[in-house]
Amino acid sequence: MAVNILFGFLLPWVFGGYLYQKDKYLVTTTIPLCVLIAFVINTKGTRYWLLKPRIKEKQYRTIYPLNLGYFPVVASFMIYCAQKRAWPRMIWITLFTLLSATAEIAALMAGKLLYKNGWNIYKTLLTYFLPYCFVVIYYDFVKMLRVITQHSQQKKKNVRGCEGNTGSKGAYV
């Protein structure tokens, strides 16, 4: 379990701290959703994969460090890269899907992860690709709402500014 905590939680959050310094808004808006997605997928996924160490009851607890560290931080980095670099978002989503699947293949080869009940790497690719797409769409939506909110607040400030200049209320609405 110490390996899960070190590589699944602590190490990712070193990079997450760096990302937080670069873009606080991105981290605070994406991390909660990414944690939720990771918990839902990995709780349901315990029928199809087993992350070591084995626990007789509540096996899903072994993946908690990754749900709170690796998965959300990697997804946030993907969005950060997609915003700051010239490549189309779909390329970033595909690249991060492949990188995440490669990390999972490494865990399989190291014996840290075991697939069962017909699970395979192609299904794994899908479980990374679809959530990454969803997180990008969510972030764009939240960002758009923020712009709309800032625009409406600016409009209210302009109306209030006009009230003070004319001496009458609502002259320039």
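Residues numbered from 1 in each chain as written. Predicted model: local features only at pLDDT ≥ 70, side-chain atom pairs only at ≥ 80, totals over all residues. Heavy atoms only, no water.

Participant: It is not clear to me how the packing of helix α4 (residues 70–84) against helix α5 (residues 89–109) should be interpreted in this structure. Could you clarify?
Facilitator: Axis separation between α4 and α5 bottoms out at 9 Å; the angle between their running directions is 150°. Between α4 and α5, the crossing angle belongs to the class labelled roughly antiparallel. In the packing of α4 onto α5, the handedness of the crossing is right-handed. Where α4 abuts α5, its residues Tyr70, Val74, Phe77, Met78, Cys81, Ala82 and Gln83 lie against Arg89, Trp92, Ile93, Phe96, Ser100 and Ala103. Class assignment of the residues belonging to the contact of α4 with α5 gives a composition of ten nonpolar, two polar and one charged. (Axes fitted to C-alpha atoms, helices over the stretch in contact; angles between N-to-C directions. Helix = DSSP H or I, 4+ residues; strand = E, 2+ residues; numbered from the N terminus. Parallel < 35°, antiparallel > 145°, perpendicular 65-115°, else oblique. Left-handed = near helix turned anticlockwise from the far one by under 90°. Contact = heavy atoms within 4.5 Å. Nonpolar A, V, L, I, M, F, W, Y, C, P; charged D, E, K, R; others polar.)

Participant: Is there a simple way to think about the pattern of salt bridges in this case?
Facilitator: Where charged atoms from two side chains of opposite charge approach closely, those side chains can pair. Within this structure, the stated rule accounts for one salt bridge. Asp140 is the salt-bridge partner of Arg89, the closest N and O atoms lying 2.5 Å from each other. Taken together, the residues span a long stretch of sequence, with Arg89 in helix α5 and Asp140 in helix α6 (residues 121–166) at a distance of 51 residues. Since its relative accessible area comes to 28%, Arg89 is described here as partly exposed. Relative accessible area serves as the criterion here: at 32%, Asp140 is assigned to the partly exposed category. (Salt bridge = Lys/Arg side-chain N within 4 Å of Asp/Glu carboxyl O. Buried < 20%, exposed > 50% of the residue type's maximum accessible area, 1.4 Å probe, protein only.)

Participant: Quick question: what am I supposed to make of the nonpolar core here?
Facilitator: For soluble globular proteins, nonpolar side chains are generally found buried alongside one another. In terms of nonpolar packing, the biggest core is built from 37 residues, with Leu26, Phe71, Met78, Ile79, Phe96 and Tyr132 touching the most fellow members. With eleven residues, α4 is the largest single contributor of residues to this core. Non-local contacts of Leu26, meaning those with residues more than four positions away in its chain, are made with Leu19, Ser76, Ile79, Tyr80, Gln83 and Tyr139. (Core = buried A, V, L, I, M, F, W, Y, C linked by side-chain atoms within 4.5 Å.)

Participant: Please clarify how the side chain of Asn67 should be interpreted in this entry.
Facilitator: Mapping Asn67 onto the fold places it in helix α3 (residues 64–68). Its relative accessible area of 1% is what places Asn67 among the buried residues. Within the structure, Asn67 has its side chain in polar contact with the side chain of Asn42 (distance 2.6 Å). Once residues within four sequence positions are removed from consideration, Asn67 is found in contact with Val35, Ala38, Phe39, Asn42 and Pro72. (Polar contact = N/O pair within 3.5 Å; in protein donor to acceptor, adjacent residues only side chain to side chain.)

Participant: Is there a simple way to think about the environment of Lys143 in this case?
Facilitator: Mapped onto the elements, Lys143 comes out in helix α6. Overall, Lys143 belongs to the partly exposed group, its relative accessible area being 34%. Sequence-distant contacts of Lys143, defined by excluding residues within four places in its chain, comprise Tyr25 and Gln83.

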